[in-house]
Amino acid sequence: MGEHAVLITRVAERQWHAVEDDRVVGRGDASRRPDGRIFVSIDAWHGAVFDQLADAMLADLPKPLYTVVDEADLDLTSNWERAGFTTRRREWEYLVPTDPRVTGLGSVLPPPGVTMVAVGEAEEGPLRTLDRVIRDEVEATVGWQEMPAEVLPRPDGATLLDPSKYAVAAQSDEYVGLVRLAPVTRQPRIGLIAVRSDRHRRGIARALLAHVLGSLHRRGIETASAEVNESNGAAMALFEGIGARRASSNLELVLR
């Protein structure tokens, strides 16, 4: 870094600065996710500064530590690997068409006895009950930590903060499946699609997708996005089967 030494300072409980000649040349941050895991990030122009920030942060923080990188960013990935991080999981981001002529979902109907409830129209009580059932089922298998960050449990255990973002499938006066749709400008994001385990293999997830994507298409929205853990073969097959294509991928790295 030239003739001036770089000084690493912890400026807040979860924030570090790298300072050279009275200029901030790098920043490090740590944040605790709702599930309790600590995620770290570093913004530095030079690899040497990144390494110094990483050394200081890793010495101060309890392990395990996590970070997320765009897999295409080879330099950043290499920096974290140099600090000892390894890949924990890969998450694909899909671009999902909404046109039923492309998805092939135009003729898809819900199974007999199942009805669709549009985004924002679900009753909060039954929706929270379904969310709890699905969360327990996921916890008993792959673990809820495999879900996208925005659906992780909060300190009070809640995983459903905004009922207006959900469409649901209803059967016999109860909810049996849900889709979480984040209203991102121009390209809404499907953050979660799930069906109760005792209603699997009946076409409910496909019908939910047909309902939600069809409603987006009627509003003039051509594509949505979705993030899928590469270990979730069923979800990948569901999206790829309707013409979704992989646009990018993120890696979740861990230091244990």
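My aim in this report is to walk through the structure given alongside it, one point at a time. Note that residues are indexed from 1 along each chain, following the sequence as it is written. A pLDDT threshold of at least 70 governs which residues receive local features in this predicted model, and a stricter bar of 80 or more applies before side-chain atom pairs are shown or counted, although totals over entire chains, interfaces and linings include all residues. Each side-chain value is derived from all of the structure's non-hydrogen atoms; neither hydrogens nor water enter the calculation.

**Some details on the packing of aromatic side chains**
Each aromatic ring pair is described using two quantities: the centre-to-centre distance and the angle formed by the ring planes. Two aromatic rings from Phe, Tyr or Trp, using only the six-membered ring of Trp, form a pair when their centres are within 6.5 Å; if the ring planes differ by under 30 degrees the pair is stacked, by over 60 it is edge-to-face, and anything between is tilted. Applying the stated rule across the entire model yields 4 aromatic pairs. With a centroid separation of 4.9 Å and an interplanar angle of 80 degrees, the aromatic rings of phenylalanine 50 and tryptophan 80 are classed as edge-to-face. Pair noted here: phenylalanine 50 is in helix α1 (residues 47-60) and tryptophan 80 is in helix α2 (residues 74-82), with a separation of 30 residues, a long-range link. Tryptophan 80 shares its class with phenylalanine 50; the two are buried. Ring geometry for tryptophan 80 versus phenylalanine 85: centroids 4.9 Å apart, planes at 70 degrees, classification edge-to-face. The exposure class of tryptophan 80 is buried, given its relative accessible area of 2%. Only runs of H or I of at least four residues qualify as helices and only runs of E of at least two qualify as strands under DSSP, and these elements are numbered from the N terminus. For each residue, the accessible area found with a 1.4 Å probe, counting protein chains only, is set against the maximum for its type, and the residue is called buried under 20%, exposed over 50%, and partly exposed in between.

**Overview of unusual backbone geometry**
The linkage connecting lysine 63 with the following residue, proline 64, adopts the cis geometry, with an omega of 5 degrees. Phi angles above zero are rare outside glycine, and aspartate 21 is one such case at about 55 degrees. Tracing the backbone shows aspartate 21 in the loop between β2 (15-20) and β3 (23-32). One non-glycine residue, arginine 201, adopts positive backbone phi at about 60 degrees. Within the secondary structure, arginine 201 sits in the loop between β10 (189-195) and α5 (204-218).

**Brief notes about helix α6 (residues 233-240)**
Here α6 has its buried residues at Ala235, Met236, Leu238 and Phe239. Buried residues of α6, viewed axially, fall in a sector of 160 degrees; they line one side. Every exposed residue of α6 that faces more than 90 degrees away from the buried side is listed here: Ala234 and Ala237. By definition in these notes, contact holds between two residues if any of their heavy atoms fall within 4.5 Å. Next to the buried residues of α6 lie β6 (86-97), β10, α5, β11 (223-229) and β12 (245-255). An arc is given here, and it is the one of the directions from the helix axis to the C-beta atoms.

**Topic: the sheet that holds strand β9 (residues 174-182)**
Here 12 strands make up an open sheet; going across it, the order is β1-β2-β3-β4-β5-β12-β6-β11-β10-β9-β8-β7 and the pairing mixed. The open sheet has two free edges, formed respectively by β1 (6-12) and β7 (114-117), since each of these has just one partner strand. Sheet twist, expressed as the average angle between the axes of neighbouring strands with direction ignored, equals 25 degrees. In short, DSSP must find at least two bridges between two strands for them to pair. Here strand β4 (residues 38-44) pairs with strand β5 (residues 65-70) via 2 bridges, running parallel. Bridging from a neighbouring strand, phenylalanine 39 pairs with tyrosine 66 of β5. Only the stretch in contact is used when a helix axis is fitted, and all axes are lines through C-alpha atoms; the angle between N-to-C directions ranges over 0 to 180 degrees. Contacting β8 (166-171), β9 and β10, helix α4 (residues 124-139) runs over the sheet at an angle of about 85 degrees to β9. Sitting on the sheet, α6 touches β6, β10, β11 and β12, and the angle it makes with β11 is about 160 degrees.

**Side note on the pairing of β9**
A regular strand places its side chains on the two faces of the sheet in alternate fashion. The element β9 is extensively covered by neighbouring structure, given that 8 of its 9 residues are classed as buried. Where β8 and β9 come together, 6 bridges link them in antiparallel fashion. Bridge assignment links alanine 170 to a residue of β9, and that residue is tyrosine 175. As consecutive antiparallel partners, β8 and β9 are separated by 2 residues, and within that stretch serine 172 has a phi angle of approximately 55 degrees, a positive value. With 6 bridges joining them, β9 and β10 adopt antiparallel strand pairing. Residue pairing for β10: glycine 177 is matched across the bridge by valine 195.

**Let's talk about the nonpolar core**
Val96, Ile190, Leu209, Leu213 and Phe239 are the most contacted members of the largest nonpolar core, which has 29 residues in total. Only β6, β8, β9, β10, α5, β11 and α6 provide two or more residues apiece to this core. Top contributing element to this core by residue count: α5, with 7 residues. For leucine 209, the contacting residues outside a window of four places in its chain are Leu105, Ile190, Ile193, Gly214, Leu238, Phe239 and Ile242. Counting 22 residues, the second-largest nonpolar core is a separate cluster that includes Ala18, Ile38, Leu53 and Trp80. Definition used in this section: a nonpolar core is a set of buried Ala, Val, Leu, Ile, Met, Phe, Trp, Tyr and Cys residues joined via side-chain atoms within 4.5 Å.

**Notes on the environment of histidine 217**
Take histidine 217: it is sitting in helix α5. Residue histidine 217 is classed as partly exposed on the basis of its relative accessible area, which comes to 31%. Sequence separation between histidine 217 and aspartate 51 is 166 residues, and the spatial gap between their C-alpha atoms is 47 Å. When neighbours within four sequence positions are excluded, histidine 217 is seen to be in contact with Thr98, Asp99 and Pro100.

Scope: geometric values only; no functional claims are made or implied.
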